[in-house]
Each structure stands twice: as C-alpha cells, then as structure tokens.
Protein chains: 2
Amino acid sequence: MPKIIDHAQRREDIIDVAWGLIVEGGIEAVTMREVASRAGFANGALRHTFSGKDEIVKAAYERALLKIQDSLLAQVKGLQGIAALEASLRATLPTTIADPSSSRVLLSFWERVAFNPTLDEDYSQHVQVWTDGYLQHVTEGRALGEIVTELPDEQIVNEAILLNIGATVLHVVSPTHLKAATLEAQVTDFLARLRTP
Amino acid sequence: MPKIIDHAQRREDIIDVAWGLIVEGGIEAVTMREVASRAGFANGALRHTFSGKDEIVKAAYERALLKIQDSLLAQVKGLQGIAALEASLRATLPTTIADPSSSRVLLSFWERVAFNPTLDEDYSQHVQVWTDGYLQHVTEGRALGEIVTELPDEQIVNEAILLNIGATVLHVVSPTHLKAATLEAQVTDFLARLRTP
C-alpha cells in the first residue's frame, strides 16, 4: 500500500516551522534548507509543497491575515457604518489581536514585499480590498447620517490604514512606546471626528 | 611608506555598498561576504571596519536617519510650537524626503530590529528622542496658546509618529495606495485639530 501523505497537513506543518523561524530570527532565518530540516523531510519533498522561500513567506503572511480576519469577521458581522468601522479598527490593533507574533510576521512579510514584484502585487491587492471594505463602511455611515465630517472619504480610509500599519510596526520595534490605552483613545477620537461636521 | 587608509572614507564606501544591496534585495542581501566583495576588499579587512552585519545595517539606518534629519533641522530651525511640528511632520513624510530609498532602508532596519536586542535598544532610544522632540513642540504650542485641544499630549505625539511610520511602510509596500496629496491633507487636518478646543 502506498504511503498516504496528507498534503494539507504537511502544508500547515511547514507554515508552523516558517512562522517559528520568523519569530526567532526574522525573514533571513527562513531558508528552504532550515525549513526542510526542522519540518523533518528532504529539501526535495519541501519543494513539492512550496516552490521556494517566497511561497512559504507568503503562506505565513496569509495565516497572519487569517488569524486577524477571523476575529475581525466575527466582530463586524451584522454591523454597518461607524459600528462596523469601529469593530474593524479595534479588532485589528496589534495590542488587541490574539496572537501578537502576527505583527512580527507581517513586518517580515512587508520587508520581503518591498523587493519582490510578485508579493508586491499580492499585497497591493490586499490593500485594495482593505481600502474598499473601509470605504463601504464610510459610505454606509454617510447614508445613515452618522458620518458628517467634511473630510474626503479617501482621507478617512487612509488615516485608518496608516494608523494600523504604524501601530503594527511600533508594536514590534519599540513596544514600550505603544500604550494600548493611548492607541484605543486615538481610535475613539478618530471615530468621534467622523460624527463632527 | 605604509599604505594610508582613509578609515572614514572606507566606512562610507561600505555603507554605500550595503545601502545598494538593501535597495536591490532587502535585509537578506546584506551578507559580510557580499559587502566585502562589492567593496573590493577581503572579508577580514571588512571586519576591521564593521564587526558584523548588524553593525553595517545599523550604519545604513543611521545614514537614512541623517538624510531625513538634515532637511528636517534646516526646516525646523528657529521655529517652535505648531510651526515646528508642521515643519517636522512635512519634512519627514516618505513622499517628501529627498531620497525615497531611505524608506526602504528604514523598513529593512525595522525588520532587523525586531529580532536583535542591541538594535532594538538603539531604536527605542531613537523613538524616545523623537517623542521628546514632538512633546517639546506641543508644550511650546500650549504655552503660546496655539494648541488648545483637550487631547492628551502623549496621544498627539503618538498619532504623529504612527502616521509617519505607517506612511513610510505603505510608501514602500503599496505606493499606489499612498497619494502625496492625501497624506499632506491628513497632516493639515491633524494640525488644525490641535488649534480646536
């Protein structure tokens, strides 16, 4: 009887290994050789699952997004307008997300994105989806009469996204300078301004 | 006559090489071997100038900061309060700084900081200096009666820093989603809010 390989499980196991390597030593610690060795199979076998390092890093990033989005979707479900924006913003703060190592994986992925056109395109698509989601909630908020600021919608969304990215980086590189309470208050102020003409 | 080595020049040459490697291939492209080879001397000679990769990456980061701070200091000179805050904020936007490759070097440095306690301490000190500088301008602005917002000073400074870091990352990883005009408008709005009770 041929050996049965659970490919989905193997994929998850490899992502576990890559995740651990990123958390320990950053993007540079993820090499095909090291991943294969820690996952306990030959480099050739690894290449059946992932064609190269970028594929593995991308899979780790997608898991990080998924971890964040899982809690996000649960929070936002059934909400619209400012309530949906608030739930999205708060659920994705680095000080809120369940697994803080996700911030590290995101930072390492961003570093890689900067020099890899394929990852760059993937990430730009993600930012577009992110932008569109926030824009939809702003549009709902305007329709409901909750959002009355004169600030352009694009600027509102931009502010929310830069807040999230900035906080994610600072949370990793200088956590003592990112107080959860200050960040929460900044979100509260942002939302209050949407309600102010 | 012994060969005269210009150590300061050698240091600058090595940073040039490391800077180019980061821009081409990110943090991972910077290896002692590659830097020595491109700079045209033996690995041993390189180690007389820099003890290891982290020292080189740190020197590249310091050059990136210096490039930003040079224009910053020129802009802020003689100013205080909101005028100083405005000049600082605008001069350090990734869409404004003279050499856009500085953003890439900063991102790669941040990725490295996350996994290196020595760099981490250096960077935390930098964030403290950055925070203190902004706090001083906020204090001046309050004394001048220009800043009348009820937002806590710490939150104001935090918002400015997260805006800068978030913009720096987005500028590198998804530049199509960061419009200079939107970012400028966000800064204008931020400053206007300081003047609003």
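Residues numbered from 1 in each chain as written. Chains lettered and ligands numbered in written order. Predicted model: local features only at pLDDT ≥ 70, side-chain atom pairs only at ≥ 80, totals over all residues. Heavy atoms only, no water.

What follows is about the packing of aromatic side chains. According to the stated counting rule, one finds 10 aromatic pairs over all chains in the structure shown. Measuring from ring centre to ring centre gives 3.6 Å for A:Tyr61 and A:Phe109, while their planes differ by 5°; the resulting arrangement is stacked. Of this pair, A:Tyr61 sits in helix α4 (residues 53-76) while A:Phe109 is found in helix α6 (residues 101-113), placing the two residues 48 residues apart along the sequence. Just as A:Tyr61 is buried, A:Phe109 falls in that class too. Over the ring of B:Phe41 we find B:Arg10; its NZ or CZ atom is 4.6 Å from the centre of that ring. Above the plane of the ring of B:Trp19 lies B:Lys67, whose end atom (NZ or CZ) is 4.9 Å from the centre. (Phe/Tyr/Trp six-rings, centres within 6.5 Å; stacked < 30°, edge-to-face > 60°. Helix = DSSP H or I, 4+ residues; strand = E, 2+ residues; numbered from the N terminus. Buried < 20%, exposed > 50% of the residue type's maximum accessible area, 1.4 Å probe, protein only. Lys NZ or Arg CZ within 6 Å of the ring centre and 35° of its normal.)

So, on to the pattern of salt bridges. Residues and elements named next belong to chain A. In total, this model carries 34 salt bridges over all chains according to the counting rule given. Among the ionic pairs, Asp16 bridges to Arg63, the shortest N-O distance being 2.6 Å. Placement of the pair is Asp16 in helix α1 (residues 7-25) and Arg63 in helix α4, with a sequence separation of 47 residues. Look at Asp16 and you get partly exposed, because its relative accessible area is 42%. Arg63 gets classed as buried once you look at its relative accessible area, which sits at 17%. In this structure, Lys58 and Glu62 form a salt bridge, with 4.0 Å as the shortest nitrogen-oxygen distance. Here the residue Lys58 and the residue Glu62 both occupy positions in helix α4, the gap between them amounting to 4 residues, near one helical turn. (Salt bridge = Lys/Arg side-chain N within 4 Å of Asp/Glu carboxyl O.)

If you rotate chain A by 180° and push it 0.0 Å along the axis, it lands on chain B with an RMSD of 0.0 Å. Expressed as an axis order, the relation between the two copies is that of a two-fold axis. Of the C-alpha atoms belonging to chain A, the one lying closest to the rotation axis is found on A:Gly166, 1.9 Å away. (Least-squares fit on C-alpha atoms with pLDDT ≥ 70 in both.)

Counting from both sides, the interface comprises 50 residues of chain A and, opposite them, 50 residues of chain B. Roughly 4,000 Å² is buried in total at the junction of chain A and chain B, and carbon and sulfur atoms are behind 59% of that figure. Inspection of the chain A/chain B interface yields 8 salt bridges. Residues B:Glu154 and A:Lys179 are paired through a salt bridge, measuring 2.5 Å at the closest nitrogen-oxygen approach. Where chain A touches chain B, the interface holds 20 residue pairs in polar contact (both at pLDDT 80 or more). Those elements that provide at least two residues to the side of chain A that touches chain B are α1, α6, α7 (117-143), α8 (153-173) and α9 (180-194) of chain A. (Contact = heavy atoms within 4.5 Å. Buried area = accessible area lost by both parts, 1.4 Å probe. Polar contact = N/O pair within 3.5 Å; in protein donor to acceptor, adjacent residues only side chain to side chain.)

Residues and elements named next belong to chain A. Of the residues making up helix α2 (residues 32-39), those classed as buried are Met32, Val35 and Ala36. Viewed along the axis of α2, the buried residues span an arc of 95°, placing them on a single side of the element. Relative to its buried face, α2 has exposed residues pointing more than 90 degrees away, namely Arg33 and Ser37. Among the structural elements, α1, α3 (43-49) and α4 are those in contact with the buried residues of α2. Positive phi shows up at Gly40, right after α2, with a value of about 85°. (Arc of directions from axis to C-beta.)

A few words on the packing of α4(A) against helix α5 (residues 81-91) of chain A. All names here are of chain A. For the pair α4 and α5, interaxial distance at closest approach is 9 Å and the crossing angle is 155°. The angle between α4 and α5 falls in the class roughly antiparallel. Both α4 and α5 take part in a crossing whose hand is right-handed. Residue-level contacts link Ser71, Leu72, Gln75 and Val76 of α4 to Ala84, Ala87, Ser88 and Ala91 of α5. When grouped by side-chain class, the residues that make up the contact of α4 with α5 number 5 nonpolar, 3 polar and no charged. (Axes fitted to C-alpha atoms, helices over the stretch in contact; angles between N-to-C directions. Parallel < 35°, antiparallel > 145°, perpendicular 65-115°, else oblique. Left-handed = near helix turned anticlockwise from the far one by under 90°. Nonpolar A, V, L, I, M, F, W, Y, C, P; charged D, E, K, R; others polar.)

Moving on, we come to the confidence of the model for chain A. Residues and elements named next belong to chain A. With 98% of its residues at a pLDDT of 70 or more, chain A shows a mean pLDDT of 92. Mean pLDDT across the elements of chain A bottoms out in α3 (87) and peaks in α9 (97). Model confidence for the complex is summarised by a pTM of 0.93, with the ipTM given as 0.93. (pLDDT = per-residue confidence, 0-100.)

What follows deals with the nonpolar core. Across soluble globular proteins, you tend to see nonpolar side chains buried next to one another. Judged by nonpolar contacts, the single largest core of 124 residues is most densely connected at A:Leu107, A:Trp110, A:Tyr123, B:Leu46, B:Leu107, B:Trp110 and B:Tyr123. Contact partners of B:Tyr123, with chain neighbours within four places excluded, come to A:Val173, A:Ser174, B:Tyr61, B:Phe109, B:Trp110, B:Val113, B:Trp130 and B:Ile165. (Core = buried A, V, L, I, M, F, W, Y, C linked by side-chain atoms within 4.5 Å.)

Right, let's get into the side chain of A:Glu111. Summarising the element assignment, A:Glu111 is placed in helix α6. An unpaired buried charge is present at A:Glu111: no salt bridge exists, and A:Arg112, the closest side chain of opposite charge, is 6.2 Å distant. (Lys, Arg positive; Asp, Glu negative; His and termini not counted.)

Structurally, the position occupied by A:Phe115 is in the loop between α6 and α7. Residue class for A:Phe115 comes out buried when judged on its relative accessible area of 17%. Among all residues touching A:Phe115, those that are not within four sequence positions of it are B:Ile22, B:Val23, B:Glu24, B:Gly25, B:Gly26, B:Arg104 and B:Ser108.

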